[in-house]
Each structure stands twice: as structure tokens, then as C-alpha cells.
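Given next are the chains, with one letter for each unit.
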Amino acid sequence: MIWTRVHSWGKCVFQHFVQSKDRDKTECNSLAGSILVFLNLTITVRLFEKMAGMTADRVTSLQGKPENIRNICIMAHVDHGKTSLADALVASNGIISQRMVGRIRYMDSRKDEIERGITMKSSCVSLHHNYNETDHLIHLIDSPGHVDFSTEVSTAVRLCDGTIIVVDVIEGVCAQTKVVLKQAWVENIKPILVLNKIDRLILETQLSPLDAYYTISGVLEQVNAYMAELYNTEVLGRTWEEVERLKRVDRERRESEREANDEKEKSDIFADWGIEDIDDSNLYFTPERGNVIFASAYDGWGFGIRHFASQFGSKLGMNKVVLNKTMFGDFYITNKGGSKRIVKGARDKRKNPLFVTLILDNIYKLYETIMIRKDKVETERVAESLGIKVPMSIMKTPDTRARLNHIISKWLPLAPAVLECVIYHLPSAGDISEERAMKLMCSATQRFDSLPSQTQLLKEAFVKCASDENAPLIVYVSKMVCVPRKNLPEDRIVTSRSGGVRGGLLTDEEVAAKRNEIRRRAQALENKDADGVTLGEQVPVSGDNEETVEEPPPQEDDVFVAFARVFSGTLKKGQKVYVLGPKHDPNNVVHLLGDDGSLPAEVAKDFHHISVCEVEDIYLLLGREMATLPCASAGCVVGIRGLAGHILKSATLSSTPACPPFTKLTQDISPILRVAVEPEDPRDLPKLRVGLKLLNQADPCVQVLLQDTGEYVIVTAGEVHLEKCIQDLREHYARIPIKASDPIVPFRETIVPPPTLDRLNEAIEIKEEKNSKESQGTVTISNKFGCLKISAVPLPPPVTTLLEKNSDIIKLLSRRWKTNSKNGSELKEESEGLQHSEIDMSELNEELQNIGKCGSLTKATLEAIEDFKSKLDAAFREAGSEWDEAIDQMWSFGPNHNGPNILLNRIKNYSRGSIWEPPSSVDSPLSTYDRNFVTGFQLATAAGPLCEEPMMGVCFIVDQWSIEIPEENGEELGRTTIGGLSGQVISTVKDTCRKAFQERDQRLMVAMYSCVVTVTAEVVGKMYAVIAKRNGRILDGDITEGSTAWNVCAYLPVVESLNIANELRKSTSGEAVPQLVFSHWETLDLDPFWVPQTEEELLHWGEKADTENVARKYMNMVRKRKGRATDEQLVIHAEKQRTLSKNK
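All values reported here derive from a predicted model rather than from experimental measurement.

What counts and how
Residues numbered from 1 in each chain as written. Predicted model: local features only at pLDDT ≥ 70, side-chain atom pairs only at ≥ 80, totals over all residues. Heavy atoms only, no water. Salt bridge = Lys/Arg side-chain N within 4 Å of Asp/Glu carboxyl O. Helix = DSSP H or I, 4+ residues; strand = E, 2+ residues; numbered from the N terminus. Buried < 20%, exposed > 50% of the residue type's maximum accessible area, 1.4 Å probe, protein only. Axes fitted to C-alpha atoms, helices over the stretch in contact; angles between N-to-C directions. Parallel < 35°, antiparallel > 145°, perpendicular 65-115°, else oblique. Left-handed = near helix turned anticlockwise from the far one by under 90°. Contact = heavy atoms within 4.5 Å. Pairing = 2+ DSSP bridges. Nonpolar A, V, L, I, M, F, W, Y, C, P; charged D, E, K, R; others polar. Core = buried A, V, L, I, M, F, W, Y, C linked by side-chain atoms within 4.5 Å.

1. Some words on the pattern of salt bridges
In this structure the tally under the stated criterion is 36 salt bridges. Between Glu616 and Arg641 there is a salt bridge, and its shortest N-O distance comes to 3.5 Å. Separated by 25 residues along the polypeptide, Glu616 in the loop between strand S17 (610-614) and strand S18 (617-622) and Arg641 in strand S21 (residues 637-641) bring together distant segments of the chain. A relative accessible area of 42% means that Glu616 is categorised as partly exposed. Overall, the relative accessible area of 15% leaves Arg641 in the buried class. Between Arg994 and Glu948 there is a salt bridge whose closest N-O contact spans 3.6 Å. Of the two residues, Arg994 sits in helix H31 (residues 971-998) while Glu948 sits in the loop between helix H30 (930-942) and strand S32 (954-963), which places them 46 residues apart along the sequence.

2. Focus on the packing of helix H9 (residues 209-236) against helix H14 (residues 354-372)
Packing of H9 against H14 brings their axes to within 10 Å, and their N-to-C directions diverge by 110°. Looking at the two axes, H9 sits roughly perpendicular to H14. When the axes of H9 and H14 are compared, the crossing they make is right-handed. Here H9 contributes Pro209, Leu210, Ala212, Tyr213 and Ile216 to the contact with H14, which in turn contributes Phe355, Val356, Leu360, Asp361 and Tyr364.

3. A short note on the sheet that holds strand S26 (residues 738-740)
Spatial ordering of the open sheet is given by S24-S25-S23-S26, a layout of four strands whose pairing is antiparallel. Two strands close off the open sheet at either side, each with one partner strand: strand S24 (703-706) and S26. If you compare each strand with its neighbour and ignore which way they point, the axes differ by 30° on average. Two elements, S24 and strand S25 (residues 712-716), share four bridges in a ladder whose sense is antiparallel. Its bridge partner lying in S25, Leu705 is registered against Val713. Against the sheet, helix H24 (residues 685-698) makes contact with strand S23 (673-679), S24, S25 and S26, and its axis sits at roughly 25° relative to S25, the strand it touches most.

4. Topic: the packing of helix H7 (residues 175-186) against H9
H9 packs onto H7 with a crossing angle of 45° between their chain directions and a minimal axis gap of 11 Å. With respect to H9, the axis of H7 lies oblique. Both H7 and H9 take part in a crossing whose hand is right-handed. Only Val223, Tyr226, Met227, Leu230, Tyr231 and Glu234 of H9 make contact with H7, whose side of the interface consists of Lys178, Leu181, Lys182 and Trp185. The residue inventory of the contact of H7 with H9, partitioned by class, reads seven nonpolar, no polar and three charged.

5. Some points on the nonpolar core
Soluble, globular proteins show a tendency: their nonpolar side chains are buried together. By size, the foremost hydrophobic cluster in this structure holds 108 residues, and its most contacted members are Phe294 and Phe355. No other element matches the 12 residues that H14 contributes to this core. When near neighbours in sequence (up to four residues on either side) are disregarded, Phe294 contacts Leu195, Ile198, Ile216, Pro287, Trp301, Gly302, Phe303, Ile305, Phe328 and Phe355. Residues Cys613, Ile640, Leu673 and Val745 belong to the second largest nonpolar core, which totals 85 residues.

Shown next as C-alpha cells:
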């Protein structure tokens, strides 16, 4: 009502301004002032309409009931309709207009998000919904669908108990759909399915209702098939104890359900229809269970099977339970026998299923009437039959989509269907299972019963989601969000005439007073307009309790707000909490705790991973805006201010240091694309460093490194992610002009067995005297200090793959025996030194936390190491007899003691223990330089001879090593010689390994993307040409059933993927959008030093070798970037120029 009055008054002002012919300057200023008043009233009315559903009193009352709180996130493949669905849910609370659903993209607040049309960050909005006369608080998180921002999805999933999986019925199950389903499975959160964009089946593909039904069924089967794949993978990986425990739990659940349900009554219900009552499980999505929603988020409609079952049950005179069971499936209605019956076998008898007859036919008819035939008379008749009143403004508009949206959204509203499904099927904040609680509180390599007793007691409050005063506080911060200070609620301060100052949400009484005040202002302005008073005149308003909105001067500072969830207790403003880092170990502090469970401040300073801070503010997240809250109870997702100096990326907040840190987030992608950045003005270097620290804190996926060369490097997940980071660095964090280098793509160096065929597939003649099997790849170096003989051989591919996949276990194994002679602080310093190149400390692998002061490991960790050893031994034995004893001869892994390269000890007179055994003293002069030898191996594998890139899949075998120390010059000279010899051992081993590597056939390994592209059949050939031009390899390409879209899978080198998205869009008229995910390392089967030599090669390629050597091009590109010498010539095969004036 208020909005209508203000709108009519503004229309009157505008018409008066247009119709006035004689307008002087004063009148123009007056009219401008009136329009300004109108705009202010408009914004204020919209603000209060928005805040009406979420007042401070209502939020506070809903917070104390965890059973009425739902924490959910929306996940899907890119462009499958997540943000449009979020718009529909947000519109249900009046935050945005219903007509703007799918168009405003309310959850996308960044400028580049709006320009690209994709979501780049996870954002939360708090909604209210009444279900069965009970108010519910729903925290909805919209997550990105682009593969470059998968880490943002991980941060959202950790805070949620359920998820909405959105799938486009045209494109079906895509690559990112499988990724989000797997994330939901790993995090133990329950999903519901929304089959979106059904309107495309009607308008774009123009399928018949029956074909549309089969297409929808096919997509549903694809989703369930992948869920079954996840289930089978987990079952096959379970141990015997886990299987028995799960069987016992399932047996108890079934017994309780059997006691609660009357089986006889259930069988009588379905006896007449011949339907077999099968309890499949809670694993799959089935429409009859109600966990599937059919929708079109852009048009604002959606429904579940139960909606139509209850609607048609009374009309057809059928049992609603039976109709709900048979509405989606191979069932149809028959009138045989004089009564309507539901019979199975619609497809065999060529009958339309119930889903087509009762649902799709009606929806198709509505679309055909409004969108295709555009019959307004029939539209009015259909709307009247549905009981929907259509305003004349909508009937007269030429926009048929708006007319369709109004009618069908009133008939089948999307938001109630989805929110009721969320409340009914997804668990509440208080329904956390013990299994998930233990999984969050301890890692996979640690048993929950191995934690201190004080820590184990926290599980009860965690599971109950207790929020009373005695409950311990447990809060998890999944990421830090950088917010401009001007966007904080405190920036808009509400002051009263009495001088009081406050901020945040208004109470119900204040909202009512504001509405009355706005209504009075609008009425006063209308009366003045009717009496002929100048429209631009300001109306003074008096009142003792009047409140005005004052805007302080803008500030350029950014504020970090923690994106967190309260799992237990109540978080209050001004409360002091312990900030526990990811490497915090409660075993180190439980014996220091006081009677009240607190840690003295002077003691807490001695622990690097514990800090104490005060909560400055708590925010209720409302999408693009925030509102202050006095407290946050268990189960709520909120923003927290005041933690910027204590948290790098994620952390755990608690009222006791006995709380363990949450396990690290599940991430399916790893940063691969690097770029070096520097300021345009060297004087801005300190600002760049501060900006990089802020970027590293705000982005959960980016890595910020300081190279040994002094370069600042940021590592990102992909090209889109890289562009976002560079833009944030320039505009928000550093706020200086920045120069970015070309993307730095990593390579690997390896060796391969001698090839038997040349590039023309002809046999290569091997000269035995020079390339004998015994001498190839072996280098012997002798000097006055001794002799060293090392051979380089390629590792079997299964061994290399196994080493690459188990890098975490190798890192743990390499640190295992070092802790015997070190205390906890020394181990901590050593661990921090591993990542010295990063700005601030980055998170180390979670397994390193489990190494205690005495180097002891848990039983699960020891079992994992033994399992890895047995698999590695089996892989060696399958590779051949020459590797039979390799498992007991392993000296070290490299580089960084956890890489996919191995050093083997085959020295006859030096029988040191392998890496699997604890170090022991060996009576040999070589043991003094053992560590120096390993250091030389680490340096050699970290930078290969081709282009200083790390090696991969190389085994160095030490066959001979002897040291001769001169003793004739006395003991002092001997000590000096030993000190100098240590450095010579390192350099000699490094040079010998590199020379042995060069004696073999050297190859480059390139990082490969798995590229998934969806295109139409008309442009699939152009897409193939672009991928072939960039040295890609097509793996699979097939047309999607029921559409003209092709799903193409290919492998593409990362170095060739730069700017491929723009090139594909140009070549295919914007229809192809690639999804790039790092897949594997692949050996480039081409010698970087190859040149045509034989007559056949010269005949094929010519003397100039016009075809470029791709491996040489990559190698020289890296060498140039690193400042290394290249053998490129500026002028090759030069010819003397011939002029027209004179032939010379």
C-alpha cells in the first residue's frame, strides 16, 4: 500500500515536469528536489519491506531452536541455474521483487560476476519460512559452479547440513555435477535434487510431453547411477570392522522402523494396485519420496509429486498415497472394469504415463497458449480456471514471458516447494550424527578415542548443538571475506533526537513507527500537490522520537569478516575466545588447563597455534548486506569481525583450548597456474606485499609465494581465477598499478627407455659398443677424495603413479624418525621451515600434527604406511626382476623428501638401513656424509638439466661410493678437510646425478587439463579445430540424448590453454564454454634436442626443419624465463637479398 502511494506520487511529479512548458530555473530546482524526495522514499520503503521479514526479535527467537534451523547450500555445474533458484528463494522473503527472479542475480555482488554471468564466491542469505505453523530459519549459501572456484564450494559445504543439487535437464550430469555430488558425499551432508530448466524442453528443443518425460527420467537415472558409484566405491574401501559396525547400525534402524510402522496396514494400502513395497534406501533420488523438485527457476515455478498427488487425489477419487507412489514411473490410468485403476506397463502398451497425463500436458498447454500462440483470450480463461487474477498491466504488456511468469508462478510457486522440501527432508542444525562429529574433530589418520578425555567430552555438546550457558563454545571459520568498511552496518548509524546512537536491525515497534512516518510523509506531499503547493518544497516533520540516517564520511579501509558457523554454545559480542590454528594439538595443553578449562594468558603466548581475541561484532548475512546481532546461538551461520589478525584462511574458535581443530577442507583441485607480479612503481613494493597478504587471507584457493629470485608469485586454479585475483589485487587489496607476467606453467623432467623406432616409425640400429645396457645412464667420477658411480634409470609407470598419489604419506614417513632426537618446539620450527617461501605460514599437511614429542604415530597411520609399502613392493616386483630388492634399498625420496623420485643404495660396503627403518649407527666413514649425500640428491631432483624444472619418475642407483681423507697433516687439518668435504659431497652428488640423467633419453612432462565442452552439433567441428590447434587430444564426444548438444572430453596441455575460452567463444559464436580441471602429468614423446639427420628425415622435414619441435619450444621458453642460455639463433638459413635494380 505504501509503495503504491509513493509510486503514484512520483508519477504525478514526472507528468507535471513533462507537461510544463514554461519552466524557469527555480521551478526546475523545485521539481528536482521533489524527484529526489521521491527516490529517497522509494529506497526507504524498499529497505523496510526487505527488513520486515528479518527483525532482530524474530532472529533472536529463532536462533534458540536448532531443530527449526536449516543450513543448506546450492551446488551445481556452471550455468545450471543456481543463482536463479537463489533469487526465487530470496524473493519469497520480499528482499527482491518476484518479477526480478532470475534476472537480478541478487547473490552475485561483484562487478565481474555480473559481467561474466557466473558466480565466483560463496555468499549467504538468511531466510524465514513458515511450515506447518512453525517458523524456520534457513541459512542459504549460494556456491560457484565454475571449476576454478571449487574451493569456494568446499568452504560452503563444511558449514552446511544439507544441499540442493541443481541439474539442467538439457545438459544432464556434467563434470562439475559429479564433483559437487562427491563433495556432498565426502562431507556426509544430505542432498535433494532440483531438475531445472524444464522450460527449455518445451521452447528450445520442442520435445513432445512424452519425450520430455523420458529425457527427465534419463537425467534422474544418471544422477542415481553416479550416487550408486560413490556408494560402491566406499563399500569396497571399507575395512571389516567398519562393515560390521555399519551392519549393526542398519540392523538397529530397521528394527526400530519395524516397531514404529504397522506393516499390515501398509500392505493393505497397496494390495489393490499390485505395487510391491520396496524400501530401496535413502541413497537415491526418487520423486515419490519427495526429494526431487521439477522446476524452471527462470520462470519461477516448481513442484514436487506430492503437490499434484494431493490435488488430483480428490478429483480422481484415488488414494493420495497410491497416487504419490505411481505419479512418476511406468504407470497409467485405465478405465477397464468400470472403475479407474492405476496399472503398470505404460511404455509396453504405448500409453502416456501419469506424469505426462496429469502434469506435463497441463504445463505444455499453458506454455503453448501464452508463449507460442500468444492468445490473450485463452490466457485469461486459463488464469480464471486456475483461480489466478492477472493485472491489466501484465495482460497489456507485449512481454509474454512476464505474463507466463506471473500466472505459472502463482499456480506452481517455486520457493514454497523447495523450502518445504528442505525443511522436511534435510536435517536440522541439531541433527548432527556422531559419525560426522568425529570426522570433523579428528583426521582420518587419528582415532577419536586417542584424543584427551577433555576433548572427547566436547562431542556431546557438539552433537546436541547445545546453546545453553554451560555449553562449550565451538565455532568453525571456513574462510575470511574482505568487505569494504562502507558496506558494514556500522557505517550507517541511526541517531535519534535525544542523541542516542546505535546500528543494526530495527525492532518490530521501530519498523511500525517507520512505516507510519513514511505513510504520513507521502500523504502530506500528496495533499500539498493537490492544494497547488510547489512540489519541490521540503515538508518539515517534527517529533520527539524522530530518527534520521546519517552517513559518515567514506573510508577506504577494508575489513575482514569471518564466514563461520556456531556448532555449540552461544557466541556473544565482546566475548573473548581462543583461536585454534589448523596445527593445534590439544594433547600439548590439556595438562596446563585450569579448573574452569581455560589457559592462562601468559602460558597461551608460548603456543604458536593458540591466540586469544575479542569478538568485535556479529553479523547476520543477508546476501549483499549485513546486519548486526547481539549474539549467535548454536546452529547459525554468521559473520564475525575482529579475527583478521588471528586467522590466515580457516580456524576453529572455542572457549577451551582442549577443543581440537577441524579437519582440513576437501579440495578436488590444486592450484597449477602461476604468474609473477610486481608494481609499476618500485616505491609501491610495500603496498604490494600488504596486498598479497590480504589476497592470501581472503582467497581460500590462492597460494602466494616468494621465489628465491625475489619474485612474488601467485598460484591459482585456472585462467578465470587468475584474472579475478589480479583484479582484486589492483582494485581492493594493494590499490596500485600492477604488472603481471605471462602465466608460468610448471613442467617436469624425466627419462625414458631407449626408443626402438624413430619419428618415421623405422627401426633404430643400436650400436652395442656405445649404447650397451650396462653403460647407458651410468656416470663414474673419481678425484683425490674418492670415487662415485651413479646410474639413472626410469621408474616403472605404476611406481611413479603410486608415489605421486601418496605424497602425504611419504612426507610423514620422511619426518618419522627425525622426531626421536627433537622436542616439540624443534619439530615445529622444522615444519614451519618447509614453507619458508610463502608469505606468512601456510597450512601443512594434517598428518604432521599427529607426530608427538617422541615420534609416535597412531595405529591407523602405521597401517597406512605399511599398506603403502606393500603396494609399492608389489609394483616393483611386477616391473621385473631388477626391482626385486628395491623396496629394502630405498635411501630417500626427492625432491623435498616426498617427490616421485627414488635414491637406491647398492653400495657393497655400506649397509645402511632403508627409509622404512629407524636410523642406526653404521661403522663406516660414509655415514658421516650420509645427510650430505641425500642433500645433493634433493638438489639434483629439484632442478633438472633441461630447464631447471623438478624431475619426475627417475631412480638414481648408487653402485659405488668411497671417500679417502688425508691424515698426514695432523688432526686439525683433518677436521678442516672434513668440513670442506661435506660441501664437496653435496656438489659432487648433484653434478653426478645430473650427468647420469643426461646420459639417458631426456623428455619433458607437461601438465594436462581435462577439458569438458558442451556445444551444439553445428559448431562441433570448429571446436575440434581449436583443440587440435593447441595440441589437444579428443577422448570422447557423444551427443546428449534428447537434444542437439554434444559433450566432448579432451586432454589439453596447460601451457596451451591460455585464452582458449575466448578463442572457443569466437569460433563457435559463444556456444562453447570449456571446463578445465588439472588431470595428470604426461610425457611429451619428443626429444627436445632432435634434429633431422637421416636421409628419410631430411626428405620428410627438410634441412630447415620447418615443423617446430614442440619440446624444444617449451624448454627454451622456460629457460628464457629463468635467464638460462638457449641455443636459438636470430638468423637461421639466411639467404642474400636480391633487389630489382641489380642482381647480386
